[in-house]
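Chain by chain, the residues run as shown.
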Amino acid sequence: MKSPHPRAQPRSVLAAVTATLTLPLTLTVTLTVTLLGLGCRGGAVSTAPSSAAVEPIFRDVALASGIDFVHANGATGSFFYPELMQGGAAFLDYDNDRDLDIYLVQSGPLPAPGDSPQAANRLYRNRGDGSFEDATASAGVGDRGYGSGVAVADYDGDGWVDLYVTNLGANHLYRNRGDGSFEDATGRTATGDASYSTSAAFFDYDHDGDLDLYVCNYVDWSTAKERRCLGRNGLQGYCSPSEYRPQADTLYRNDGDGRFTDVSARAGIASVRAAGLGVVTADFDGDGWTDVYVANDQMANLLWMNRGDGTFVDEALLRGAALNGMGRPEAGMGVIVEDGDSDGDWDLFMVHLSGETNTYYENRGGDFRDVTDALGLGAVSQPYPVSESASTTSTTTVGATCSSPTARSARATPWSSSTPSPTSSCSVSKAARFVTLASAVATPSRCWKSAAPPPSATTTTTVTSTSWSPTTAVRRACSRTRPGIAATGWESSW
C-alpha cells in the first residue's frame with residue numbers, strides 16, 4: 001500500500017469472505033447488440049467484438065506451482081447458513097526468506113463428523129523459484145475448525161509474523177517460533193473467541209507499542225438454531241442474516257507480556273451488535289489515533305472513532321459511512337482502506353453481494369461521501385447477464401433517456417414482484433428487460449434506460465435465450481421520478 005502522506009500506514013489485515021448462492025436452475029442468454037444514436041452526447045456506441053485475440057491478464061498457475069488446496073464448504077443440501085461463506089487467505093513471509101508464503105483457510109461439513117476431524121487449513125511455503133511446498137504439518141498450523149478468515153502480524157515483537165485464525169467456534173492464535181514452526185498460544189493469550197468470527201485486524205489502538213487485536217463477529221448460529229427459509233418458488237434455500245441474532249465484536253488489548261485482555265465492554269465495542277464481515281483500521285480523522293471500520297452484512301456499517309482514552313464511539317452514521325448514498329445498508333463482503341485520491345486521508349472501498357454494486361466512500365477531512373457513481377464504479381461492478389449458448393431468437397426495441405446528474409443508474413430502489421411497476425413503459429418482455437440492462441452497461445453511467453424508446457433514439461437488439469430461471473436475480477431498469485430525485489429501479493424476479 002502506498003504512503004501518500006507522513007501519517008502512519010493503517011496496519012490492518014482483512015480476511016476475505018464472500019457469499020455464494022447456488023440456484024436450482026440456470027439462466028443462459030446470448031446478446032448481439034447494435035446501438036444507434038445512444039449515449040448522453042449522441043453518436044454511435046459500438047459493441048462489436050474485436051477481431052484481435054485478447055490475452056488474459058492473469059493465468060491460473062496454482063496446480064503447476066504446487067498449490068492443490070480445494071475449499072470445501074461442506075454443503076450437503078441441508079442449507080446450513082455458514083455454507084454460504086468461503087474461507088479467507090493470507091500472504092505472509094513466515095520464515096523471513098523474503099518470499100511471500102500462502103495460508104489458506106478450510107471449512108468442512110456441518111455438523112463436523114464425529115468419527116473424523118475437519119479438513120485442515122494449509123500453509124504453503126514459497127521456495128523462491130515460482131513453486132510452493134506444503135509446510136502445514138511441519139509448521140503445526142493445520143487448524144481444523146470450520147474456518148472463516150485469518151489475520152497476520154508480529155504480535156509479540158520478536159521479528160516473526162504470527163497467525164490468528166477465525167472460526168465458527170473457537171479461534172486460534174499461532175505464535176511463530178522462528179524455526180519454521182508455530183505453537184498454539186490461544187490458551188496462554190486468552191484470545192480464543194468462541195463466537196462465529198469472520199475477520200480480524202491487528203493494530204495499536206492505545207499507543208503502547210504493542211499490536212492489539214480486533215475480531216469481527218457475525219451472527220449467533222448453530223445447527224440447533226438453523227432456520228428453515230423458503231424462496232418465492234416455495235423451495236427451501238439459504239436464509240438471510242436477518243434471521244439470526246447479530247453478535248458484538250471483540251477487542252483484545254495486548255498486555256505486552258504475551259497475553260491479551262478482553263476490553264470490549266470497557267472500550268465500548270460490546271455496546272453494538274452487528275453482523276460483521278470485514279474490518280480495516282486507520283486514522284480516519286487525522287487526530288493521531290487509529291480508528292476501526294467494520295463492514296456489516298445487510299446492516300449499517302460501523303466506524304469506531306478512537307477517543308484516545310481507551311474508548312471508542314461509533315460515528316458511522318454521523319460521518320456518512322454507515323449507509324450508501326441511497327441511504328441503504330448493503331451486504332459488506334469485504335473492505336479495504338486506501339488514499340485513492342491522494343489527498344492525505346484514508347478512503348474506503350467495499351465489495352458486496354451479487355445484485356449490489358461496490359461502494360467507494362471518499363474521505364473528506366474525516367467525513368465520508370459515497371462517490372461510487374461519480375467515479376463510474378457502480379454499473380461496472382454489476383454482473384453481466386450473458387452466456388454463450390443459443391437456441392431461440394426474438395427482437396425488441398428499447399430506448400435511452402438521459403437523467404439528471406443526481407441519478408444513480410445502477411443503484412436505485414429495488415422493487416418486489418408484488419409492487420406495481422411505476423410506469424406502464426416497464427411492462428415489457430423478459431428479453432427486453434435483459435436488453436435494457438445490457439444497454440445500460442454499454443453506455444455512459446449517467447445515461448439510463450427506459451423500456452419504451454423516445455422518438456430520437458432507437459436500439460435494435462437481438463436476444464437469444466435457452467432457459468429462464470424463476471429464481472434468478474435478473475435486474476430490469478425502468479425510469480421513474482420522485483420529488484427531487486431521478487432514479488432507476490431494478491426488479492429481481494419475473
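It should be emphasised that the depicted structure is a prediction, and the values quoted were computed from it without experimental measurement.

(A) Inspection of the overall build of the chain at higher detail. Helix and strand content of the chain: five helices and 30 strands. Across the 494 residues of the chain, 49% fall into the buried class. Contacts in the chain between residues far apart in sequence, at least 24 positions, make up 62% of those at least 6 positions apart. Accessible area for the chain stands at about 21,900 Å²; split by element, carbon and sulfur atoms hold 53% of it.

(B) Spotlight on the side chain of serine 148. Inspection of the secondary structure puts serine 148 in strand β6 (residues 146-153). By relative accessible area, which is 6% here, serine 148 ends up buried. One polar contact links the side chain of serine 148 to the main-chain carbonyl oxygen of serine 197, over a distance of 3.0 Å.

(C) Focus on the nonpolar core. In this structure, Tyr81, Tyr196, Tyr218, Val219 and Trp221 are the most contacted members of the largest nonpolar core, which totals 19 residues. Not counting the four nearest positions on each side in its chain, tyrosine 196 is found in contact with Pro82, Met85, Ser148, Asn167, Leu168, Gly169, Cys216, Asn217, Tyr218, Val219 and Trp221. One finds Tyr293, Ala321, Tyr361 and Phe368 within the second-largest nonpolar core, a separate group that totals 17 residues.

(D) Local environment of the packing of aromatic side chains. This model, assessed by the stated rule, comprises 11 aromatic pairs. With centroids separated by 5.2 Å and ring planes inclined at 45°, the aromatic side chains of tyrosine 81 and tyrosine 244 adopt a geometry described as tilted. Of this pair, tyrosine 81 sits in the loop between β1 (28-36) and β2 (89-92) while tyrosine 244 sits in the loop between β12 (236-237) and β13 (247-248); the two residues are 163 residues apart in sequence, bridging distant segments of the chain. Its relative accessible area of 2% is what places tyrosine 81 among the buried residues.

(E) Spotlight on the sheet that holds strand β7 (residues 162-176). Within the open sheet, the three strands sit side by side as β6-β7-β8. Their pairing is antiparallel. Bordering the open sheet on either side are β6 and β8 (182-184), each of which pairs with just one other strand. Across the sheet, the mean angle separating the axes of adjacent strands is 35° when strand polarity is ignored. Of the pairings in the sheet, the one linking β6 to β7 comprises seven bridges and is antiparallel in character. Bridge pairing in β7 places tyrosine 146 opposite leucine 168.

(F) Focus on the pattern of salt bridges. Considering all chains together, one arrives at 15 salt bridges under this definition. The salt bridge involving arginine 319 is made with aspartate 367; its shortest N-O contact spans 3.8 Å. You can see arginine 319 sitting in helix α4 (residues 316-319) and its partner aspartate 367 sitting in strand β24 (residues 367-370), a full 48 residues away along the chain. Its relative accessible area of 16% is what places arginine 319 among the buried residues. By relative accessible area, which is 40% here, aspartate 367 ends up partly exposed. When salt bridges with common partners are traced through the structure, they connect Asp156, Asp158, Arg175, Glu183 and Arg188 into a single cluster.

(G) Region of interest: the pairing of strand β14 (residues 250-254). Buried residues dominate β14, accounting for four of its five residues. Judged from the three bridges that link them, strand β10 (residues 212-217) and β14 form a sheet pairing that is antiparallel. When the bridges of β14 are listed, valine 215 appears paired with threonine 250. With three bridges joining them, β14 and strand β15 (residues 260-262) adopt antiparallel strand pairing. Note on β15: the bridge partner recorded for asparagine 254 is phenylalanine 260. In textbook terms, the turn of a hairpin is the stretch between consecutive antiparallel strands, and for β14 and β15 this stretch comprises five residues, one of which, glycine 256, has a positive phi near 85°.

Scoring rules and cut-offs
- Residues numbered from 1 in each chain as written.
- Predicted model: local features only at pLDDT ≥ 70, side-chain atom pairs only at ≥ 80, totals over all residues.
- Heavy atoms only, no water.
- Helix = DSSP H or I, 4+ residues; strand = E, 2+ residues; numbered from the N terminus.
- Buried < 20%, exposed > 50% of the residue type's maximum accessible area, 1.4 Å probe, protein only.
- Contact = heavy atoms within 4.5 Å.
- Areas by Shrake-Rupley, 256 points an atom, 1.4 Å probe, with all protein chains shown as cover.
- Polar contact = N/O pair within 3.5 Å; in protein donor to acceptor, adjacent residues only side chain to side chain.
- Core = buried A, V, L, I, M, F, W, Y, C linked by side-chain atoms within 4.5 Å.
- Phe/Tyr/Trp six-rings, centres within 6.5 Å; stacked < 30°, edge-to-face > 60°.
- Pairing = 2+ DSSP bridges.
- Axes fitted to C-alpha atoms, helices over the stretch in contact; angles between N-to-C directions.
- Salt bridge = Lys/Arg side-chain N within 4 Å of Asp/Glu carboxyl O.

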